[in-house]
Amino acid sequence: QLNLGALYEAGEGVPADDGLAAVWYRRAAEQGQPEAQRSLAVLYFEGRGVEEDEAQGARWLARALAQGDGGALELLDNL
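The sections below set out a description of the structure shown in this document. (Residues numbered from 1 in each chain as written. Predicted model: local features only at pLDDT ≥ 70, side-chain atom pairs only at ≥ 80, totals over all residues. Heavy atoms only, no water.)

**Here we look at the side chain of Gln-37**
Next up, step 1: In this fold, Gln-37 is placed in helix 3 (residues 34–46).
Next up, step 2: Judged by its relative accessible area of 3%, Gln-37 falls in the buried class.
Next up, step 3: Sequence-distant contacts of Gln-37, defined by excluding residues within four places in its chain, comprise Ala-29, Gly-32, Trp-60, Arg-63, Ala-64 and Gln-67. (Helix = DSSP H or I, 4+ residues; strand = E, 2+ residues; numbered from the N terminus. Buried < 20%, exposed > 50% of the residue type's maximum accessible area, 1.4 Å probe, protein only. Contact = heavy atoms within 4.5 Å.)

**Quick notes on helix 2 (residues 18–30)**
Given 3.6 residues per turn, any residue in an α-helix points the same way as the ones three and four places further on.
Next up, step 1: Taking 1.5 Å of rise per residue, 13 residues should cover 18 Å, and helix 2 covers 18 Å from first to last C-alpha, within 8% of that figure.
Next up, step 2: Residues of helix 2 that are buried make contact with helix 1 (2–10), helix 3 and helix 4 (54–66). (Expected span 1.5 Å × (residues − 1).)

**Describing the environment of Leu-43**
Next up, step 1: Mapped onto the fold, Leu-43 is located in helix 3.
Next up, step 2: In this structure, the C-alpha to C-alpha distance between Leu-43 and Gly-5, residues 38 residues apart in sequence, is 11 Å.
Next up, step 3: If near-sequence neighbours (up to four positions away) are discounted, Leu-43 is found in contact with Glu-9, Asp-18, Ala-21, Ala-22, Tyr-25, Arg-48 and Val-50.

**Some remarks on the pattern of salt bridges**
Next up, step 1: Per the stated rule, a full pass over the model turns up four salt bridges.
Next up, step 2: One salt bridge connects Arg-48 with Asp-18, and the closest N-O pair in it is separated by 3.4 Å. Of this pair, Arg-48 sits in the loop between helix 3 and helix 4 while Asp-18 sits in helix 2, and the two are 30 residues apart along the sequence.
Next up, step 3: Two residues, Arg-38 and Asp-69, come together in a salt bridge whose shortest N-O distance is 2.5 Å. Here the residue Arg-38 occupies a position in helix 3, and Asp-69 occupies one in the loop between helix 4 and helix 5 (70–78), the gap between them amounting to 31 residues.
Next up, step 4: For Asp-69, a relative accessible area of 12% gives the class buried.
Next up, step 5: Within this structure, Glu-9, Asp-18, Glu-46 and Arg-48 form a network of salt bridges that share partners. (Salt bridge = Lys/Arg side-chain N within 4 Å of Asp/Glu carboxyl O.)

Laid out in structure tokens, this is it:
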């Protein structure tokens, strides 16, 4: 699910579609995958594939941080 989200986000082997990337990231994020939680947070912060929503972005980023995701910490530093 995470990998499908990444493929749709990047448009690798499939047409680029941030909406479908968000669908697949959400499925993985809801199962507790921190990288998917971080990726979904980015989509919310940037309003790509989902309506821009900083509160949702922060919620998903916090979940990734709680699991020790280093990329989430780096993202937080750059916000």
